[in-house]
Amino acid sequence: MEEALERYGKAIFKYCLGILCNYHDAQDAMQETFIKAHKAEASLRLRENYGAWLYRIAYNTCLNILRGKRRWLFPVKKETAYEMPEPFIDPVLIAALETLSPADRALFYSRAVEDMDYVQLEERFGIRAATLRKRYERAKNKLKAFIERSEQT
């Protein structure tokens, strides 16, 4: 597990941050991902692509965190001064990303930031490449429209 953490830790953290848009939640998601992976490794047969399996766990963990936040009956105050040590994502882009579904955020991050091709994305998400290509274009257009609207105001 230590080897996996060393190899994938930083990338999984950035992936979670791209989905959650919150530094502390991304840290929690990364830790939970590796805990779940460690528990499941014993029953896991040698996988062809360990990384894709790990990213799938990270994605589901991020979804669980987002679902948990929706359960609050009162609005949770966003942290301000200590949100992130160094800004990873521009605030306007964070607002734009929050207009996307978590699935589209994960896809956008994987394609735009990690520069994955559609064959790799198909393996990671378990969805046909053509479908992912269409979803990515829609997400990109939605982000572009949001950013253009925010620049006009």
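Structure shown above.
What this report covers is the structure whose coordinates are included nearby.

The rules behind these values
- Within any chain, residue numbers begin from 1 and follow the written order of that chain's sequence.
- Local features in a predicted model are, by the rule used here, given only for residues with pLDDT of at least 70; side-chain atom pairs are given and counted only at 80 or more, and totals for whole chains, interfaces and linings are based on all residues.
- The basis for the side-chain values is all heavy atoms of the structure; hydrogens and waters are excluded.
- Strands here are runs of E lasting at least two residues and helices are runs of H or I lasting at least four, both read from the DSSP assignment and numbered beginning at the N terminus.
- Throughout, exposure labels follow a simple rule: accessible area from a 1.4 Å probe, protein chains only, divided by the maximum for the residue type, with under 20% read as buried, over 50% as exposed, and the rest as partly exposed.
- Contacts between residues were defined by any pair of non-hydrogen atoms, one from each residue, lying within 4.5 Å.
- Note that accessible areas follow from Shrake-Rupley with a 1.4 Å probe, and for residues the cover is restricted to the protein chains shown.
- When two cysteine sulfur atoms lie within 2.5 Å, the pair is treated as a disulfide.
- Note on aromatic contacts: the rings of Phe and Tyr and the six-membered ring of Trp form a pair at centre separations within 6.5 Å, being stacked when their planes are under 30 degrees apart, edge-to-face when over 60 apart, and tilted otherwise.
- The rule for a charge over a ring is simple: NZ of Lys or CZ of Arg within 6 Å of the ring centre, and within 35 degrees of the ring normal.
- Only four residue types enter the tally: Lys and Arg on the positive side, Asp and Glu on the negative side, with His and both chain ends excluded.
- In the sections that follow, a salt bridge refers to a side-chain nitrogen of Lys or Arg positioned within 4 Å of a carboxyl oxygen of Asp or Glu.
- Whenever a nitrogen or oxygen atom comes within 3.5 Å of another N or O atom, the pair is scored as a polar contact, on the condition that within protein one atom can donate a hydrogen and the other can accept it, and that pairs from neighbouring residues in sequence are kept only if both atoms are in side chains.
- Lines fitted to C-alpha atoms define the axes, with helix axes restricted to the stretch in contact, and inter-axis angles between N-to-C directions lie between 0 and 180 degrees.
- Roughly parallel here means an angle under 35 degrees, roughly antiparallel means over 145, roughly perpendicular means 65 to 115, and every remaining angle is called oblique.
- In this scheme the crossing of two helices becomes right-handed for a clockwise turn of the near helix relative to the far one and left-handed for an anticlockwise turn of less than a right angle.
- Side-chain classes are defined by residue name, with Ala, Val, Leu, Ile, Met, Phe, Trp, Tyr, Cys and Pro counting as nonpolar, Asp, Glu, Lys and Arg as charged, and the others, Gly among them, as polar.
- Here, nonpolar core means buried Ala, Val, Leu, Ile, Met, Phe, Trp, Tyr and Cys residues that are tied together by side-chain atoms lying within 4.5 Å of each other.

Overview of the overall build of the chain
- On a plain count of helices and strands, the chain comes out with seven helices and zero strands.
- Within the chain, the proportion of its 153 residues that are buried is 39%.
- Residue pairs at least 24 apart in sequence account for 66% of intrachain contacts in the chain once pairs closer than 6 positions are excluded.
- Carbon and sulfur atoms form 53% of the exposed surface of the chain, whose accessible area is close to 10,100 Å².

Digging into the state of the cysteines
- Evaluated as defined, the whole model comprises zero disulfides.
- Of the cysteine sulfurs around Cys-16, a residue in no disulfide, the closest is that of Cys-62, at 3.6 Å.
- A relative accessible area of 0% places Cys-16 in the buried class.

Re the packing of aromatic side chains
- Scanning the entire structure with this criterion turns up seven aromatic pairs.
- Ring geometry for Tyr-15 versus Tyr-55: centroids 4.9 Å apart, planes at 80 degrees, classification edge-to-face. In this pair, Tyr-15 is assigned in helix α1 (residues 2–20) and Tyr-55 in helix α3 (residues 50–70), connecting sequence segments 40 residues apart.
- Among the aromatic residues, ring-to-ring pairing joins Tyr-8, Tyr-50 and Trp-53 into one connected group.
- It is Arg-133 that lies over the ring of Tyr-118; its NZ or CZ is 4.4 Å from the centre.

Overview of the side chain of Arg-105
- Positionally, Arg-105 belongs in helix α5 (residues 102–113).
- Of the buried charged residues, Arg-105 lacks a salt bridge, with Glu-98 as the closest side chain of opposite charge at 5.9 Å.
- Within polar-contact distance, the side chain of Arg-105 engages the backbone oxygen of Leu-100 at 3.3 Å.
- Excluding residues that lie within four positions of it along the chain, Arg-105 makes contacts with Gly-18, Ile-19, Leu-20, Cys-21, Leu-66, Leu-97, Glu-98 and Leu-100.

Some remarks on the packing of α1 against helix α2 (residues 23–41)
- At a minimum axis distance of 8 Å, the contact between α1 and α2 shows a crossing angle of 135 degrees. Accordingly, the angle class assigned to the pair α1 and α2 is oblique. Here α1 runs over α2; the crossing is right-handed. Residues Ala-4, Leu-5, Tyr-8, Gly-9, Ile-12, Phe-13, Cys-16, Leu-17 and Leu-20 of α1 pack against Tyr-23, Asp-25, Ala-26, Gln-27, Ala-29, Met-30, Thr-33 and Phe-34 of α2.
- In terms of residue class, the contact of α1 with α2 is built from 13 nonpolar, three polar and one charged.

A short note on the nonpolar core
- One finds Ile-12, Tyr-15, Cys-16, Ile-19, Phe-34, Leu-121 and Phe-125 to be the most contacted residues of the largest nonpolar core, which totals 43 residues.
- Going through the elements one at a time, α1, α2, α3, α4 (91–97), α5, α6 (118–125) and α7 (129–152) are the ones with two or more residues in this core.
- In contact with Cys-16, not counting residues within four places along its chain, are Cys-21, Ala-26, Ala-29, Met-30, Ala-58 and Cys-62.

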